[in-house]
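Breakdown of the fold
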Amino acid sequence: MRVKLVGDGDVDVPQGASAMSALLAAMPDRAPEALAVRVNGEMADLSRSLEDGDEVEPVFWGEEGSQDIYRHTASHIMAQAVLELFPGAKLAIGPAVEDGFYYDFELPRAVSPEDLPSIEERMVGIVEADMPLQREVLSREAAVELFRELGQQYKVELLEEMEEEEVTLYRQGDFVDLCRGPHLPSTGRLRHFKLLSLAGAYWRGDEKRPMLQRIYGTAFDDEEELERYLRFREEAERRDHRRLGKELDLFSFHEEAGPGVVFYHPKGAVLREVIEGYLKEEHRKRGYLMVYTPHLFRGQLWHTSGHMDYYRENMYFFEKEGMEYVVKPMNCPGHLLIYKTRPRSYRDLPLKYFELGTVYRYERSGVLHGLMRVRGFTQDDAHIICTEEQLEEQVRDCLEFAFHSLRTFGFEEFDVYLSTRPEKSVGGDELWEKATRALKDALEDMGIPYEIDPGEGVFYGPKIDVKLKDAIGRSWQGPTVQADFNLPERFDLAYTGPDNRPHRPVMIHRVVLAGIERFYGVLLEHYAGEFPLWLSPVQAVIVPVADRHLDYARGVMERMSVEGLRVEVDDDRQTVNMKIRRAQVQKVPFTLVVGDREVEEETVSVRDRTGRDVRGVPVAEVVSRLAAIARERRADAAWE
RNA sequence: GCCGGUGUAGCUCAAUGGUAGAGCGUCCGCCUUGUAAGCGGUUGGUUGGAGGUUCGAUUCCUCUCACCGGCUCCA
């Protein structure tokens, strides 16, 4: 029979020949390097038998799709090792994932990090034994029978829920697993791997089902890549905002105060103030009206808004004088009350209320995470009340605003998602349809590529989510824009149209930086604490060489301060080296050393964070240059 | 919330079923300093909290709180 080798012409092979033999016939040199094939575009093992006319394409190491294959094999090898070390272990599932692979087990005892080396060692043994992975096709009933005999009830459960009548198994040595494949032809082909961490995970992700033990690992083609990945993990740890927050004295959490609520220290507060100042300025420029609303509302208002029904588990309640109160988890109802204080005309719309609104949301204790996931946080929240016709344009403005702001803070890459109606939600299908359409149109008009995230909208409306990529390529949740036809109805909002008749407005809920706390954390990790000048809590430290230069140093500080620069004089009785080191460790952008020569010449010696050192710069020049860099919010903080 | 881990001085981290230690920091001296740690001394802890076992617990057990890695959820 004849099969087609993609890019390599046709090749004749015997009836029922394997993919590998076809590759060997067509490209004897490279074939042994293949780890799988695509047969008619579908991933398959090298051992797959071909049919006349099949199109075959080899998959080599490093090529797209190869990673999933060997990582999946790695997870089987790990499972085999775990079964050997923990007799009686039950296997759940073990897929390849973005950064590696994992396998979920039910084990006779808890695994601990100390077990990982011995599991890894067993895995090395299995790789060295170079066991072939054999694919078997059998009926679902037979597979159920087999796994029942093996006591692998999770596999039995999976099989019982499957539709297919035929399933596939992979065997290596005496290890057998239910698996769709494909896999490496043998365990010896696995290259570089490492076990990384342990975790608990519910069977099928369902918290009502048993908690299993998950082991995470990763695998790569070559050692270099594995090491690069491990270095990436270290880099992420080095940038951890919780560590930097402590080292740079920015914020803290307190057991006495409860989890998930942030205390900003003076330096941390400066940065927050800079961020908020930027937001206020930009909102004013764009016609937003700043408002303040209280933190406690009567329960009734939250019934009107629907939060009591749809957001209850995230809300804090208490009671006084027989009245139910809620600590606000969102700002929208408050803004709507302001809207309703007088009759509104179509001439007033769009009406854009902006608030740095502090909200409290109950989060389960296990999900809290530094500044990234807290219970009390402040949003740069706005509600735009407008006519249906204005909606799309307003959405576009919001997106433009959001992208512009993120770029100012140094983020350049974004992924955009459109989230549609969730199961638990208010309002009729027609309203949802209209709202979703408006968001979609806005995205498409702006030519922004996006993906649909089905069922991930908020209970009152669909939303656009923007995720930002940080300096080391990680994605973070950023701005959201939500269209809402429901709350205007629930609050009975109205405006008078040109026809002098009442109409129902629509509204947009949107945030730009979103939760200030989270954004603060992302920013800290993005810059690894080395902020551009305009964001640095302390922009310059002046280091007098000896006590006799103190007055001069203070004079320089004064000249900088009046230009709005944040400057300190290090008047400690310490060596110049020590004072420079302290400024450097604190990641202060500029250190200005002043000694006899500088006093004499009315200059300073400028040292930037990269260690560059320029002597004899006139004070006037330093002041004006730094002030300009800060005012223009320039990204760099180097003295060119 | 659940699974696993961790919790010792302000910070980073040692140690032991028998009255807890280092480095850095703090403070006090000396040094008056030129681009990443000058020298000496001093201070510092109910070993997260409560209970239990024990002659004796920081160590072992139970409960609890917080944190870390995940599951799940979200700004």
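Refer to the structure presented above.
Presented here is a report on the structure given in the accompanying data block.

Definitions and cut-offs
- Residues numbered from 1 in each chain as written.
- Chains lettered and ligands numbered in written order.
- Predicted model: local features only at pLDDT ≥ 70, side-chain atom pairs only at ≥ 80, totals over all residues.
- Heavy atoms only, no water.
- Buried < 20%, exposed > 50% of the residue type's maximum accessible area, 1.4 Å probe, protein only.
- Helix = DSSP H or I, 4+ residues; strand = E, 2+ residues; numbered from the N terminus.
- Pairing = 2+ DSSP bridges.
- Right-handed = clockwise from strand over helix to strand, strands pointing away.
- Core = buried A, V, L, I, M, F, W, Y, C linked by side-chain atoms within 4.5 Å.
- Domains from an automatic or database assignment.
- Contact = heavy atoms within 4.5 Å.

**A few points about the pairing of strand E29 (residues 540–544)**
Sheet faces and side chains relate simply in a regular strand, where the side chains alternate between the two faces. Within E29, 5 of the 5 residues are buried, which leaves the element mostly enclosed by the surrounding structure. The alternating pattern of E29 places Ala-540, Ile-542 and Pro-544 and Val-541 and Val-543 on opposite faces, both of which are buried. Pairing of E29 with strand E30 (residues 567–569), which is carried by 3 bridges, proceeds in the parallel orientation. Its bridge partner being in E30, Val-541 is matched across the sheet by Glu-568. Taking the sense of rotation as the criterion, the β-α-β connection linking E29, helix H16 (residues 550–561) and E30 turns out right-handed. Bridge count between E29 and strand E31 (residues 590–594): 5 bridges; the pairing is parallel. Its bridge partner lying in E31, Ile-542 is registered against Leu-592.

**Notes on the nonpolar core**
Ranked by size, the top nonpolar core spans 88 residues in total, and within it Phe-409 and Met-560 carry the most contacts. Among the domains, domain 3 (251–526) and domain 4 (533–631) are the pair contributing at least three residues each to this core. Beyond its immediate stretch of four places on either side in the chain, Phe-409 contacts Ile-275, Tyr-278, Leu-513, Phe-519, Leu-523, His-526, Tyr-527, Trp-534 and Leu-535. Ranked by size, the runner-up nonpolar core spans 33 residues in total, among them Ala-36, Phe-86, Ala-89 and Phe-193.

**Things to note about the environment of Glu-227**
Within the fold, Glu-227 resides in helix H6 (residues 223–238). On the basis of relative accessible area, Glu-227 is assigned to the partly exposed category, the value being 39%. Residues Glu-227 and His-192, spaced 35 residues apart in sequence, show a C-alpha to C-alpha distance of 9.6 Å.

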